[in-house]
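Coordinate analysis (summary)
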Amino acid sequence: MKLDTSGLESAAPVWGAPSELVDGFSAAPSFEVPNTTDFDGFQKEAIQMVKPAKGTTTLAFIFKEGVMVAADSRASMGGYISSQSVKKIIEINPYMLGTMAGGAADCQFWHRNLGIKCRLHELANKRRISVTGASKLLANILYSYRGMGLSVGTMIAGWDETGPGLYYVDSEGGRLKGMRFSVGSGSPYAYGVLDNGYRYDMSVKEAAELARRSIYHATFRDGASGGVASVYYVGPNGWKKLSGDDVGELHYNYYPVMPSTVEQEMVEVAGA
Amino acid sequence: MARYDRAITVFSPDGHLFQVEYALEAVRKGNAAVGVRGTDNVVLGVEKKSAAKLQDSRSARKIVSLDNHVALACAGLKADARVLINRARIECQSHRLTVEDPVTVEYITRYIAGLQQKYTQSGGVRPFGLSTLIVGFDPYSGVPSLYQTDPSGTFSAWKANATGRNSNSMREFLEKNYKETSGQETVKLAICALLEVVESGGKTIEVAVMTKEHGLRQLEEAEIDAIVAEIEAEKVAAEAAKKAPAAPKET
C-alpha cells in the first residue's frame, strides 16, 4: 500500500527526485523525531493519551427518506469541558456529511482532505463520487497511517446515484457499511434509544425527533457529551441542517417540571 | 547506479518531438486495426499477419480485454503493447478496489494516454510505439464508446477509426460509408473497412464484438469467412447493378 506522503514532501530539489519508473526506489518520507530517551515508549504514551478521548456522541441512520445524522457538541480534555460548541458534523460537500469522533484535528483535517479528493474525482470523471468510493478513499488513507496515533471514528453519510449511503470508518482502518451507527463514549446510551425507536418507514420529522432524543439521552448520562444536539438530514438534493437544540433545554422539554405531591406537609398550627 | 536522468525525447528547434514522431512511424508500420461504434455494440478488427505453420495462433491474440466491459486493440510494437496492457489491467482492478466501481472507458483511456505521455517526458526512456483503440461500455449509462490513443499521449473519442498500416484509406472508407448501425451491421462495416486494405479471408482478419450483455466475444474463423462471403456477394451484386442499365419498362 503506497503511503500518502503528500503532506510530508519537503522542498527538496527536483534533481534526485525519485522517478516512478525506477521501481521500488522511492525515498522514504522523513520528518523530525522528538529527542527522548525512549521514543517507542513516548509514542505509545502519545497514542494512549489520544485513544480514550472519543468523548462524544454521534449517530447516523438510514431510513425511507434518506439519512439522518446527529451529534452533540462537547469537547472534553479529561474532566475539563473545553468547549460546548464544537461542530461535529463536517460538511464534506453539498451531498455528503462526515461525523467527528476522536481527535478533532484529525477528523477535521482528513475530512477536508476527503472533500478535496471527492472534488478532484468529480472534475476528472465528470460525475460525483459515490458514498462507497468516498468512504473507501478515507479508509485507505487512515489504514496507511495505522499505528501512527491517528484517532478518527467517523461516519460518512451521503446520497448518491444508488440512494442513501452510510459507512463507518475508523483510524484502525476499519470500514463498515450499515443502516444504523453510533460512535463515541455516549454511543451505548444513544443506541438504546435509537434501536428502540427505529423504524424504516419514518417521516423526516419522526426520524429527526428520534435522532434528537437519542443524542439527548446520551448527553444526559455521559459526562463527555453535551452542549447542543445538531440534527442533519441528507436527502436526494443534498444535506440540510434541521435543528440545533441545547440539550439542557431539551431536558425540560421532555421532562417538564411538575409540581410534585408532597408526602408530608408542614401545617401551620395555630398556637401551641 | 547508472544515470537514467537524461531525456531522450527533446524538442527540435522547430517544435517537434522527433522521438514521438518516429514512434508514430512505427505505428504506421504495424498491422491495420479498425474500430466501429454501433448503437448497441462496438466492434474491433485487426489484420492478422499470416501465421507461420508451426505457430499456435491462439497465443497471439491481438484484441484483448482489460476488464469485463473494456477491450483494446493496438497497432505498433507488440512488446510495448503487452506492458501497457498489463498496467491498464492492474489499473482497472485497482480502481475497482479503491472506489468499488468498474472503470469507465474514458477513465482507463485517460490512464493509458497518461502513461504514454509520461514516457515522452521522462529521463532514460523512449515513448511507447503503439496507438491503441479502446472500446467498451460505460458501467453506469450503458453507452458504448470507442477511444483512440497514440504515442504522444493524446486521446479522443471516435464513432469509427482506424490505425496502423493503411489507416488513411480505411479512415477514408469509414468517413464515406459510416452510418449509425447496430448488431451485425456494425460488424459488417468494420470488416468492410478492413477488407479495403487486407487480403480477404478469415485467416487474415481477427474480429471481436463487445456487447453490454456478453462482454467481449471473439468471432470464429468460420463466422468471419461467412460475413466476408456476404460482403463479397453484396459487392458483386452492386457491381452488376451498376453495369447493367435499368431494365426497360414493360409496356
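Here the structure is shown first, and the text comes after it.
Sequence positions are assigned chain by chain, starting from 1 and proceeding in written order. Written order decides the labels, with chains lettered from A and ligands numbered from 1. Side-chain atom pairs in this predicted model are given and counted only at pLDDT of 80 or more, local residue features only at pLDDT of at least 70, and totals for whole chains, interfaces and linings cover all residues. For the side-chain quantities, the full set of heavy atoms in the structure was used; hydrogens and water were omitted.

**Looking at the pairing of strand β2 (residues 66-71) of chain A**
All names here are of chain A. Just so we agree on the cut-off: Per-residue accessibility, obtained with a 1.4 Å probe over protein chains only, is compared with the maximum for each type, and a residue is labelled buried under 20%, exposed over 50%, and partly exposed between these values. Under the scheme used here, helices are H or I runs from DSSP no shorter than 4 residues and strands are E runs no shorter than 2 residues, and both carry numbers assigned from the N terminus. When DSSP finds two or more bridges between a pair of strands, those strands are recorded as paired.
The element β2 is largely enclosed, with a buried count of six among its six residues. Taken together, the six bridges between strand β1 (residues 58-63) and β2 define a ladder with antiparallel strand orientation. Its bridge partner being in β2, Ile62 is matched across the sheet by Val67. Counting the residues in the hairpin turn of β1 and β2 gives two residues. The pairing of β2 with strand β11 (residues 228-235) spans five bridges and is classified as antiparallel. What sits directly across from Ala70, in β11, is Val231.

**Re unusual backbone geometry**
Positive phi, normally seen in glycine, also occurs at A:Lys126, with a value near 55°. Relative to the elements of secondary structure, A:Lys126 occurs in the loop between α2 (104-125) and α3 (131-144). Even without glycine at this site, B:Asn166 takes up a positive phi of about 55°. Residue placement: B:Asn166 occurs in the loop between β8 (160-163) and α4 (167-177). Of the residues examined, B:Asn166 reaches a relative accessible area of 36% and is grouped as partly exposed.

**Some words on the sheet that holds strand β7 (residues 155-157) of chain B**
All names here are of chain B. We apply this condition: Note on definitions: angles span 0 to 180 degrees between N-to-C directions of axes, and those axes are lines fitted to C-alpha atoms, for helices only across the stretch in contact. Contacts were defined at the residue level, with two residues in contact if any of their heavy atoms lie within 4.5 Å.
Spatially, the five strands line up as an open sheet ordered β3-β4-β5-β6-β7, and their pairing is antiparallel. On the outer flanks of this sheet lie β3 (63-67) and β7, each paired with one strand and no other. Within this sheet the neighbouring strands show an average axis-to-axis angle of 25°, counted without direction. In the packing of helix α2 (residues 78-99) onto the sheet, contacts are made with β3, β4 (70-76) and β5 (130-137), and the angle to β3 comes to roughly 25°.

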